[in-house]
Amino acid sequence: MKPRFCYYLVKRLFDILAAGFGIVVTSPIWLITVIGIKVSDAGPIFYFANRVGKNNKTFRMLKFRSMRVEENADEKSLRPDQDRIFPFGRFIRAAKIDELPQLLNVLLGNMAVVGPRPAATDQIQITRGGKNGIVSTVKTGLTSPAALYDYLYGDSIEDEDEYMEKVTPTRLALDRYYVDRQSIRYDIKLIWYTIRCIWGTVTKNLPVKILEELLDAVDGDRRALDEVKVKK
């Protein structure tokens, strides 16, 4: 077998096992989240988002709903509408609990555990255009270098223009970096980094060294590191 084929085979087997195990282990969290959403805001439990995955194919990505339902709401912004996020929704977003239903997407094969985050259908030119066209050759995932960078730094920036200036260039570069670097070893490292980042957010002790490593990998904007250190 060719090394790349072996990698994708092992990765798919791992995705199936990890997603199945993850759903079973986190089932109590699912139950608590369902109750929390119903108590917090009337509306559906899940949010179905049209996303673009490998080879730019569209699929429906699952999330626990964290925002109030509004008619005519769209996804034209890269940033979430902060005014629509209800308090419990803010918590599940910070702890990444809202992403748990995507384990079902992993089981179905739409996503992997590790891979570039799926792109919104109206953001293809930004996230998959030009040099980033290579990102569409791999399966999208729950976590990635760009997702960790966004989690550690990007999520703190609400202004769209500021986000586009400070975050987007590094985020796009990190997606390209992952495509070039992907391997079983690196995927496992990213899963561990994801656990550390989530725990760091919950304990108010962000792992700055991970952010520094991500920026060093793509010569990213060092303002991100300085601003996170100040907040820490």
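Keep in mind the model is a prediction, meaning the values are calculated, not measured. (Residues numbered from 1 in each chain as written. Predicted model: local features only at pLDDT ≥ 70, side-chain atom pairs only at ≥ 80, totals over all residues. Heavy atoms only, no water.)

Caption draft 1: Structural context of helix H10 (residues 208-218). For H10, every residue scored as buried is listed here: Val-208, Ile-210, Leu-211, Leu-214, Leu-215 and Val-218. Looking straight down H10, one finds its buried side chains confined to an arc of 160 degrees; they lie on one side. (Buried < 20%, exposed > 50% of the residue type's maximum accessible area, 1.4 Å probe, protein only. Helix = DSSP H or I, 4+ residues; strand = E, 2+ residues; numbered from the N terminus. Arc of directions from axis to C-beta.)

Caption draft 2: Structural view of the confidence of the model for the protein. For the protein, per-residue confidence averages 90 on the pLDDT scale, and residues scoring 70 or more make up 92% of the total. Residue range residues 75-79 is modelled with pLDDT below 50. Its contacts to residues more than four positions away, or to other chains, number 24 contacts. (pLDDT = per-residue confidence, 0-100. Contact = heavy atoms within 4.5 Å.)

Caption draft 3: Local environment of the pairing of strand E2 (residues 58-64). For E2, the buried fraction is high: five of the seven residues fall into the buried class. Strand direction decides the pairing type here: strand E1 (residues 46-52) and E2, joined by seven bridges, are antiparallel. Along E2, the bridge assignment pairs Ala-49 with Met-61. Here E1 folds back onto E2, and the loop between the two strands holds five residues, one of which, Asn-55, carries a positive phi near 60 degrees. (Pairing = 2+ DSSP bridges.)

Caption draft 4: Spotlight on a negative patch on the surface. The grouping of Asp-83, Glu-158, Asp-159 and Asp-161 at the surface amounts to a negative patch. In this fold, Asp-161 is placed in helix H7 (residues 160-166). By relative accessible area, Asp-161 is classed as exposed at 60%. (Patch = residues over 30% accessible without salt bridge, like charges linked within 9 Å, V, L, I, M, F, W, Y side chains within 5 Å. Areas by Shrake-Rupley, 256 points an atom, 1.4 Å probe, with all protein chains shown as cover. Salt bridge = Lys/Arg side-chain N within 4 Å of Asp/Glu carboxyl O. Lys, Arg positive; Asp, Glu negative; His and termini not counted. Charge placed at Lys NZ, Arg CZ, Asp CG, Glu CD.)

Caption draft 5: Quick look at the pattern of salt bridges. Taken as a whole and assessed by the stated rule, the structure comprises 13 salt bridges. Between Asp-98 and Lys-63 there is a salt bridge; the shortest N-O distance is 3.4 Å. Of this pair, Asp-98 sits in the loop between helix H3 (87-94) and helix H4 (102-108) while Lys-63 sits in strand E2, and the two are 35 residues apart along the sequence. Overall, the relative accessible area of 14% leaves Lys-63 in the buried class. In this structure, the salt-bridge partner of Arg-223 is Glu-165, at a minimum N-O distance of 3.5 Å. Of this pair, Arg-223 sits in helix H11 (residues 223-231) while Glu-165 sits in helix H7, and the two are 58 residues apart along the sequence. A relative accessible area of 33% means that Arg-223 is categorised as partly exposed. Bridged by salt links that share partners, the residues Lys-63, Asp-98, Glu-99 and Arg-117 form one connected network.

Caption draft 6: Structural view of helix H6 (residues 145-152). Among the eight residues of H6, eight are classified as buried, and the element is accordingly described as predominantly covered. Inspection of H6 places Pro-145, Ala-146, Ala-147, Leu-148, Tyr-149, Asp-150, Tyr-151 and Leu-152 among the buried residues, and these make up the whole buried set.

Caption draft 7: Highlighting the sheet that holds E1. Spatially, the three strands line up as an open sheet ordered E2-E1-E4, and their pairing is antiparallel. Each of the sheet's edge strands pairs with one partner strand only, and the pair in question is E2 and strand E4 (119-120).

Caption draft 8: Layout of the pairing of E1. Sheet topology places E1 next to E4; two bridges connect them, and they run antiparallel. Bridge pairing in E4 places Val-52 opposite Ala-119.

Caption draft 9: Representation of the nonpolar core. Grouped together as the largest cluster of nonpolar side chains are 44 residues, with contacts concentrated most on Phe-64, Tyr-149, Tyr-153 and Leu-211. Ranked by the residues each element gives to this core, the list is headed by H10, at six residues. Discounting residues that sit within four places of it in the chain, Leu-211 has contacts with Tyr-149, Leu-152, Ala-224, Leu-225 and Val-228. (Core = buried A, V, L, I, M, F, W, Y, C linked by side-chain atoms within 4.5 Å.)

Caption draft 10: Region of the structure containing a nonpolar patch on the surface. Together, Phe-5, Leu-9 and Leu-13 make up an exposed nonpolar region whose accessible area comes to about 290 Å². If you trace the backbone, Leu-9 turns up in helix H1 (residues 3-25).

Caption draft 11: Expanded view of the side chain of Lys-166. Structurally, Lys-166 is set in helix H7. Since its relative accessible area comes to 14%, Lys-166 is described here as buried. There is a polar contact of 2.9 Å between the side chain of Lys-166 and the side chain of Glu-227. (Polar contact = N/O pair within 3.5 Å; in protein donor to acceptor, adjacent residues only side chain to side chain.)

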